[in-house]
Amino acid sequence: MNLDWSAFTPASSALGGLLIGAAAVLMMAGAGRIAGISGIVGGLWPPQGGSSWRLAFLLGLFASPWLYRIGATLPAVAVEAGTARLVVAGLLVGIGTRYASGCTSGHGVCGVSRGSPRSLAATALFMAAGFGVVYVMRHLAGGGS
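Quick caveat, the model's predicted, so the values are computed rather than measured. (Residues numbered from 1 in each chain as written. Predicted model: local features only at pLDDT ≥ 70, side-chain atom pairs only at ≥ 80, totals over all residues. Heavy atoms only, no water.)

Visitor: Just checking my understanding: could you explain unusual backbone geometry for this structure?
Guide: Note: most peptide bonds trans; most residues except glycine with negative phi. Positioned with a positive phi, Ser101 is a non-glycine residue whose angle comes to about 55°. Relative to the helices and strands, Ser101 resides in the loop between α4 (83–99) and α5 (104–113). (Helix = DSSP H or I, 4+ residues; strand = E, 2+ residues; numbered from the N terminus.)

As structure tokens, then:
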């Protein structure tokens, strides 16, 4: 296994983690809500009371890369999957978040930090599923070295 040292960015990774944590704390303290993306998006259809904060949160997510570009260069992105695979993957993630009553941001960031047993179980299952997919794709489906 070779480590790509150019992708090793501990300072920016730590800063990103601090920003995610701060956003989660501010969301809980300011709105009394969990900063789970699937719950925020899910609350837009059908619209629930207070949809303006949901739209503002999502606008911030979409605006972030554009604001980042002001001071730094965005990393190159190469998507090697076709459109059909991306659509199926997106649908599976969406279905999974509904069954899990939340996503990795709600359970993994906010729930685990609160010590929620449900979030600890959900995050363990998210991670196990991810490890399983990587194993299958690398070793059984011939997708890696």
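Visitor: It is not clear to me how the packing of α5 against helix α6 (residues 117–140) should be interpreted in this structure. Could you clarify?
Guide: When two helices pack together, their arrangement is captured by the angle between the axes and the distance separating the axes. As a packed pair, α5 and α6 sit with axes 9 Å apart at the nearest point and diverge in direction by 130°. Relative to α6, the element α5 lies oblique. Pair α5 / α6 crosses with left-handed handedness. Of α6, the residues touching α5 (which contributes Thr104, His107, Gly108, Gly111 and Val112) are Arg118, Ser119, Leu120, Ala122, Thr123 and Phe126. (Axes fitted to C-alpha atoms, helices over the stretch in contact; angles between N-to-C directions. Parallel < 35°, antiparallel > 145°, perpendicular 65-115°, else oblique. Left-handed = near helix turned anticlockwise from the far one by under 90°. Contact = heavy atoms within 4.5 Å.)

Visitor: Please explain the nonpolar core as it appears in this structure.
Guide: Most often, soluble globular proteins keep nonpolar side chains buried together rather than apart. Formed by Ala24, Met27, Ala35, Ile40, Leu44, Leu58 and Cys110, the largest nonpolar core amounts to seven residues. In this structure, Met27 is in contact with Gly32, Arg33, Ile34, Ala35, Ile40, Trp53 and Phe57, ignoring residues within four places of it in sequence. (Core = buried A, V, L, I, M, F, W, Y, C linked by side-chain atoms within 4.5 Å. Buried < 20%, exposed > 50% of the residue type's maximum accessible area, 1.4 Å probe, protein only.)

Visitor: Where do I start with helix α1 (residues 10–31) in this structure?
Guide: Because each turn of an α-helix spans 3.6 residues, side chains separated by three or four positions end up pointing in the same direction. Counted at 1.5 Å a residue, the expected span for α1 with its 22 residues is 32 Å, and the 31 Å between its end C-alpha atoms agrees. Once α1 ends, the next one or two residues include Gly32, with phi positive near 70°. (Expected span 1.5 Å × (residues − 1).)

Visitor: Explain the confidence of the model for the chain here, please?
Guide: As a general rule, the predicted coordinates of low-pLDDT regions are not to be interpreted in detail. Per-residue confidence for the chain gives a mean pLDDT of 86, with 96% of residues at or over 70. When mean pLDDT is compared element by element in the chain, α6 scores highest at 90, while helix α2 (residues 37–42) scores lowest at 84. (pLDDT = per-residue confidence, 0-100.)

Visitor: I tried to follow a nonpolar patch on the surface on my own but got confused; where do I start?
Guide: Residues Val87, Val88, Leu91, Leu92, Ile95 and Tyr99 make up a contiguous nonpolar surface patch of about 660 Å² in total accessible area. Mapped onto the secondary structure, Val88 falls in helix α4. (Patch = residues over 30% accessible without salt bridge, like charges linked within 9 Å, V, L, I, M, F, W, Y side chains within 5 Å. Areas by Shrake-Rupley, 256 points an atom, 1.4 Å probe, with all protein chains shown as cover. Salt bridge = Lys/Arg side-chain N within 4 Å of Asp/Glu carboxyl O.)

Visitor: Would you take a moment to explain the side chain of His107 for this structure?
Guide: Tracing the sequence through the fold places His107 in helix α5. For His107, a relative accessible area of 2% translates into the label buried. If sequence neighbours within four positions are ignored, His107 has contacts with Ala100, Ser101, Gly102, Val112, Arg118, Ser119, Ala122, Thr123 and Phe126.

Visitor: I keep staring at α4 and nothing clicks. Help me out?
Guide: Taking 1.5 Å as the rise per residue, α4 with 17 residues should run 24 Å; its terminal C-alpha atoms sit 24 Å apart, in good agreement. Ser101 sits one or two positions beyond α4 and adopts a positive phi of about 55°.

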